[in-house]
Structure formats: C-alpha cells, structure tokens
Amino acid sequence: MNESADFTKIAVKKSVAKDAYAYLLAPSSYQRVLGDLQLVAKLGGRNDSVAFVIRDKAGKLLREIPAVAENNLAKAVLSKAEVSSLGAQIASVEVMVGGGLSDKVPVLLNMAAPAENPLLVDDFDNYYGDNGLLGGAYNANTGSGCTVVPKLSGEKHGGTNGLAFQYSINKGGYAGIVKSLKNVNWSGCRGLQFWLKPDGMGQKLIILPFDSFKGKNGGRLEPANIKHFGIYCNTVGEKTVDSVMYFDDIQAVK
C-alpha cells in the first residue's frame with residue numbers, strides 16, 4: 001500500500017523506563033475535606049521513599065506526610081485537627097516518589113458545600129475564584145470549529161464574581177455550556193431571571209417567562225422536572241464571531 005509509510009524506516013528513540021511512579025487514588029479532584037484527609041496512592045516499580053505533600057495555591061509547602069507502602073499502595077492520614085489548622089483554601093495534594101512529583105490533585109480544605117437553593121442556577125460566588133472548579137460544574141458543547149470557555153469575572157451584578165462566556169463561532173456554528181440541575185422543581189415559578197451584559201451593549205436584568213419558551217423538535221418545558229440549564233450562542237449571517245458576554249445571578253423567580 002503506497003499510501004502508508006514504511007514503519008521499518010521510522011526512527012525510534014529509546015529511553016529508560018521509569019523505575020518508580022505513583023498516582024493518587026484518594027483524595028479525588030476538588031474533594032471537600034472537612035475531617036481527616038485520607039491519602040492513598042497506587043505504586044508502580046519500587047515503592048521506597050514515598051511521601052504526600054500539601055501545597056497552597058501559590059505552591060508554598062504546607063505539610064509533608066511520610067507514607068506507609070504495602071502491596072503496591074502508599075497510605076497516610078492527615079488528622080482533622082491538622083486539616084483544620086490549614087484554614088479554608090484550595091490546596092494541592094501531591095504524591096512524591098524518590099523526591100520527585102508523580103501525581104497531584106486540587107482539594108477544597110475546610111470549605112463546606114453551600115446551602116442548596118433549588119431555584120438558584122448559579123451566582124458564581126461558590127467557586128472560590130477558581131476556574132477549574134467552575135469548569136467542573138459546566139460541560140461545553142460546540143459545533144465544528146467553534147469554542148467556548150467559561151471563566152469567572154469581576155463583571156457582575158452582585159457578590160464576588162460573575163460569568164464570562166467567552167466564545168468563538170463560525171458560519172452556521174454554535175457554542176454552549178450546560179450545568180446539571182438534578183431534577184429541581186420550578187413549578188409555581190413564572191420564569192427565569194438573570195443579569196446580562198451583552199456584546200458591546202449595556203447591562204440588563206432580564207426575566208424570561210416560562211410560557212414564552214419554545215422547545216426544539218416539539219419539546220416542551222416541564223417546570224416540575226428541570227434537569228439541565230444551558231447558555232448557547234449561534235451565528236446569524238456569514239461572519240465568524242469571537243466575543244464575550246457576562247452573566248450573573250441566574251435563578252427561577254415566582
């Protein structure tokens with residue numbers, strides 16, 4: 001087959017396999033830690049000289065905890081008192097093998113989950129200024145050649161942060177972000193309210209009445225069983241659009 005490259009002539013660079021490595025099993029990424037912090041890593045190769053390290057957002061060392069290695073697992077525990085002494089912050093848990101970093105995950109230390117409000121979609125104040133945490137709450141959905149990047153922003157209606165909906169869409173394209181709402185009940189509400197600063201225009205507080213919603217392909221809105229909320233943008237005309245809009249205080253209102 002002339003279309004395929006001759007793999008026998010491909011140059012291959014040899015390197016020594018890593019003789020020791022590890023990856024974290026616990027904690028999970030962005031886990032909230034309010035009590036003891038259980039530290040577990042899966043080991044590969046040699047299992048000597050393993051330790052867990054906790055650093056703050058700037059990379060400053062907060063704690064180093066020696067690990068006990070057995071049966072290809074490294075384990076340690078940071079007590080609730082020690083966790084509490086670190087205060088409320090987003091930190092990094094790292095596993096070190098032979099003095100080198102092998103794996104790391106972000107965690108939320110001493111940060112309780114916000115109280116649930118079934119009518120609130122998002123006020124963007126519970127991400128502690130961390131775009132990674134925001135990105136974990138929203139899934140992006142785009143057409144071919146289109147992009148969307150949700151970011152926290154100082155453009156807001158209230159509180160500490162709003163949402164910057166930064167998007168690029170081409171002819172016939174679309175871009176959106178979607179948040180799961182876990183079947184919340186909006187029956188008895190009249191519509192959806194949010195603050196919007198659109199492209200190149202003044203800020204607005206908008207209410208969209210539920211009775212004005214038009215479903216795609218014959219679908220209809222069921223306020224008693226809301227599963228997802230999405231923000232989408234599509235092109236009108238021939239030009240590619242690369243811009244940003246700002247949102248805040250998105251909620252159902254009675």
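Scroll up for the structure.
Heads up: these notes are all about the structure in this document. (Residues numbered from 1 in each chain as written. Predicted model: local features only at pLDDT ≥ 70, side-chain atom pairs only at ≥ 80, totals over all residues. Heavy atoms only, no water.)

## Topic: the overall build of the protein
Quick note on the threshold: Here a strand is any run of E in DSSP of at least two residues, a helix any run of H or I of at least four, and the numbering for each starts at the N terminus. Every radius of gyration here is taken over C-alpha atoms, with the globule rule written as 2.2 Å times N^0.38, N being the number of residues. Relative accessibility decides the category of a residue: with a 1.4 Å probe and only protein chains considered, values under 20% of the type maximum give buried, values over 50% give exposed, and everything between is partly exposed. Contacts: residue pairs with any heavy atoms within 4.5 Å of one another. In this count, Lys and Arg are taken as positive residues and Asp and Glu as negative ones, while His and the chain termini are left out. Note on charges: their place is set at NZ of Lys, CZ of Arg, CG of Asp or CD of Glu.
What the protein contains, in helices and strands, is two helices and 18 strands. Compactness check: the protein gives a C-alpha radius of gyration of 24 Å against a globular reference of 18 Å for 254 residues, more than 25% above the reference. Across the 254 residues in the protein, those meeting the buried criterion constitute 37%. Sequence separation of 24 or more characterises 64% of the internal contacts of the protein that already satisfy a separation of 6 or more. Averaging the locations of the 28 positively and 24 negatively charged side chains of the protein gives two centres separated by 2 Å.

## Notes on a nonpolar patch on the surface
Counted only if it meets this: Within the patch definition used here, like charges are joined within 9 Å and nonpolar side chains (Val, Leu, Ile, Met, Phe, Trp, Tyr) within 5 Å, considering only residues with over 30% relative accessible area and no salt bridge. Note on areas: Shrake-Rupley with a 1.4 Å probe; residue coverage comes only from the protein chains shown. For salt bridges, the criterion is a side-chain nitrogen of Lys or Arg within 4 Å of an Asp or Glu carboxyl oxygen.
A cluster of nonpolar side chains, contributed by Tyr21, Tyr23 and Leu25, occupies part of the molecular surface with about 300 Å² of accessible area. Among the secondary structure elements, tyrosine 23 is positioned in strand E1 (residues 20–26). Here tyrosine 23 falls in the partly exposed class, since its relative accessible area comes to 41%.

## Overview of the sheet that holds strand E17 (residues 226–234)
Put simply, the rule is: Pairing between strands is defined by DSSP: at least two bridges between them are needed. Angles run from 0 to 180 degrees between N-to-C directions of axes, and those axes are lines fitted to C-alpha atoms, restricted for helices to the stretch in contact.
Strand order in the open sheet formed by three strands is E11-E14-E17, with antiparallel pairing between adjacent strands. A single partner strand is all that each edge strand has here, and the edge strands are strand E11 (139–142) and E17. Each strand axis lies, on average, 25° off the axis of its neighbour in the sheet, ignoring direction. Two elements, strand E14 (residues 174–184) and E17, share eight bridges in a ladder whose sense is antiparallel. Counted as the bridge partner of valine 178 is glycine 230 from E17.

## As for the pattern of salt bridges
A full pass over the atoms with the stated rule returns seven salt bridges. Among the salt bridges present, the one from aspartate 130 reaches lysine 57, with a minimum N-O distance of 3.6 Å. Here the residue aspartate 130 occupies a position in the loop between strand E10 (120–122) and helix H2 (131–137), and lysine 57 occupies one in the loop between strand E4 (50–55) and strand E5 (61–66), the gap between them amounting to 73 residues.

## As for the side chain of aspartate 122
Quick reminder of the rule: For this analysis, a polar contact is any N or O atom pair within 3.5 Å, provided that within protein one partner can donate a hydrogen and the other can accept it, and provided that sequence-adjacent residues contribute only side-chain to side-chain pairs.
One can find aspartate 122 in strand E10. Accessibility expressed as a relative area gives 5% for aspartate 122, which makes it buried. Only 2.7 Å separates the side chain of aspartate 122 from the side chain of tyrosine 138, close enough to count as a polar contact. With near-sequence residues (within four places) excluded, aspartate 122 lies in contact with Tyr127, Tyr138, Lys179, Asp249 and Ile250.

## Let's talk about the nonpolar core
To keep things clear, this is the line we draw: Side-chain atoms within 4.5 Å are what join buried Ala, Val, Leu, Ile, Met, Phe, Trp, Tyr and Cys residues into a set we call a nonpolar core.
Formed by 35 residues in total, the largest nonpolar core has its most connected members in Phe124, Phe165, Tyr167, Trp186, Ile231, Phe247 and Ile250. Not counting residues within four places of it along the chain, the set of residues in contact with phenylalanine 247 comprises Phe124, Gly162, Leu163, Phe165, Phe194, Trp195, Leu196 and Ile231. Core analysis: the second largest hydrophobic core is formed by 25 residues, Leu37, Val50, Leu86 and Val95 among them.

## A look at the environment of aspartate 36
One can find aspartate 36 in the loop between strand E2 (31–33) and strand E3 (37–45). With a relative accessible area of 45%, aspartate 36 lands in the partly exposed category. A sequence separation of 47 residues divides aspartate 36 from valine 83, and the C-alpha atoms of the two residues are 6.9 Å apart. Ignoring sequence-local partners within four residues, the contact set of aspartate 36 consists of Val77, Leu78, Ser79 and Lys80. At 2.7 Å, the side chain of aspartate 36 and the backbone nitrogen of lysine 80 are in polar contact.

## Structural notes on the pairing of strand E18 (residues 241–253)
Note: E10 against E18, two bridges, orientation antiparallel. Note that in E18 the partner of leucine 120 across the bridge is glutamine 251. Across seven bridges, strand E13 (residues 162–169) lies against E18 in antiparallel orientation. Across the sheet, isoleucine 169 pairs through a bridge with valine 241, a residue of E18. Inspection of the sheet shows strand E15 (residues 191–197) paired to E18 by six bridges, in the antiparallel sense. From the neighbouring strand, lysine 197 faces E18, where its bridge partner is tyrosine 246.

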